[in-house]
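Observations on the three-dimensional arrangement
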Amino acid sequence: TYEYNDVSSGNRYSFKVRAVSGHITSPFSNTRDVTVPLAAPTITGLAFIDDTITVTWGAVQGATGYQLNCSVNGKPSTPVAADTAGTSFAYKGAIPGSMYSFKVRATNQHTKGPFSLAKSIVVPLTAPEITEIAEGGPSATFSRDTPSVSLTPDGQMKIDTGLSVDLGGAPGSINLYVQWTAVPGASEYELFCAVNDEPSTLVETTEKTTCVYKGAQAGSMYSFQVRAVSKYAKGPFSETSHFSVPLATPSILRAYIDKNFLSIMWSPVNGAT
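A sheet is described by the order of its strands in space; here four strands give the open sequence 6-5-8-9, paired in antiparallel fashion. For this open sheet the edge positions go to strand 6 (78-84) and strand 9 (119-122), each flanked by a neighbour on one side alone. Sheet twist, expressed as the mean angle between neighbouring strand axes with direction ignored, is 20°. Here four bridges tie strand 8 (residues 99-107) to strand 9, and the two strands are oriented antiparallel to one another. When the sheet's bridge partners are listed, Tyr100 is paired in strand 9 with Ile121.

Our next topic: the pattern of salt bridges. Following the criterion strictly, the structure yields two salt bridges and no others. Here Glu190 ties to Arg227 by a salt bridge, and the two come within 2.8 Å at their closest N and O atoms. One end of the pair, Glu190, is in strand 16 (residues 188-195); the other, Arg227, is in strand 19 (residues 221-229), and 37 residues separate them in sequence. In this pair, the class of Glu190 matches that of Arg227, namely buried. Linked through salt bridges whose partners overlap, the residues forming this network are Glu190, Arg227 and Lys234.

Right, let's get into the packing of aromatic side chains. On inspection of all chains with the given rule, the structure shows nine aromatic pairs. Arranged with centres 5.1 Å apart and planes meeting at 90°, the rings of Phe192 and Phe237 form a pair that is edge-to-face. Taken together, the residues span a long stretch of sequence, with Phe192 in strand 16 and Phe237 in the loop between strand 19 and strand 20 (241-244) at a distance of 45 residues. Accessibility expressed as a relative area gives 15% for Phe192, which makes it buried. Here the basic side chain of Lys16 rests over the ring of Phe28, its NZ or CZ set 4.6 Å away from the ring centre.

A few words on the sheet that holds strand 20. Sheet strands line up and pair through hydrogen bonds in the backbone, either parallel or antiparallel. Sheet architecture is open: four strands sit in the order 17-16-19-20, paired in antiparallel fashion. Each edge of the open sheet carries a strand with a single partner, namely strand 17 (201-206) and strand 20. In this sheet, adjacent strand axes meet at a mean angle of 25° when their direction is disregarded. Sheet analysis places strand 16 next to strand 19, joined by eight bridges and oriented antiparallel. Paired with Leu191 across the strands is Val226, a residue of strand 19.

Time to look at unusual backbone geometry. For Asn196, which is not glycine, the phi dihedral falls at a positive 55°. Summarising the element assignment, Asn196 is placed in the loop between strand 16 and strand 17. Positive phi is not limited to glycine here, since Lys259 has a value of about 60°. Mapped onto the elements, Lys259 comes out in the loop between strand 21 (252-258) and strand 22 (261-266).

Membership of the largest hydrophobic core comes to 23 residues, with the highest contact counts inside it found for Leu176, Trp180, Tyr213, Tyr222, Phe224 and Val245. Apart from the residues within four sequence positions on either side, Phe224 is in contact with Ile130, Ile133, Leu176, Val178, Leu191, Phe192, Cys193, Tyr213, Glu239, Thr240 and Ser241. Core analysis: the next-biggest nonpolar cluster, separate from the first, contains 18 residues, Leu38, Ile53, Val55 and Tyr100 among them.

Procedures and definitions
- Residues numbered from 1 in each chain as written.
- Predicted model: local features only at pLDDT ≥ 70, side-chain atom pairs only at ≥ 80, totals over all residues.
- Heavy atoms only, no water.
- Pairing = 2+ DSSP bridges.
- Helix = DSSP H or I, 4+ residues; strand = E, 2+ residues; numbered from the N terminus.
- Axes fitted to C-alpha atoms, helices over the stretch in contact; angles between N-to-C directions.
- Salt bridge = Lys/Arg side-chain N within 4 Å of Asp/Glu carboxyl O.
- Buried < 20%, exposed > 50% of the residue type's maximum accessible area, 1.4 Å probe, protein only.
- Phe/Tyr/Trp six-rings, centres within 6.5 Å; stacked < 30°, edge-to-face > 60°.
- Lys NZ or Arg CZ within 6 Å of the ring centre and 35° of its normal.
- Core = buried A, V, L, I, M, F, W, Y, C linked by side-chain atoms within 4.5 Å.
- Contact = heavy atoms within 4.5 Å.

Written out as structure tokens, the structure reads:
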């Protein structure tokens, strides 16, 4: 036996042996090969600018190239760079709201090393922009379920048409129509609203870019913000947009003289203080 110590990662070593004595040397044995494995790299950075994710990793002794794999939103990992010579790669076309997981391994002409530990980055969503807030007035919405037929205890036939109607808020209330821009990569949106000086609260989660806020009251100010949401990220809020619901104009109902006073009566206005 013999211990050969002068080895380097990624190299292939071929050995053969022959017997000798003081008078004769035998033929060589068959050759046996062994390849010293490459080490796994370490991903040192993930940076996102515009639509590009730049992945960087540490160099591995004996490597002549690197294979970079990527998994998008939990899907199986696939190669995106098969044999890049450097220790960085620019992955272009990243979609906002998606999660990208990268792993890399060293290669040379003899062997491929193990993959590094995976590192992930979530591409941020952008903020929407509220483009319109308008007074919509009471509006009815209709919905339909499956019709059904049943018998009452006294044997009468009962028919349920499955139709229902939402009249759009309490009597005297007002609906506000809110619209905002779409955000690439968003699967839904969260609309928040603050009424007068109250804290902002979530009022709607929707896949649409519009919402009808029901139950607004005259004389109050409504402040709206919206943000985009995906499975992996929540984007920043839009700038706050305010809408003050105007008070109605009162009507003078009566004016008369009582002794030395002029008395005037007018109609009450909802929301007036």
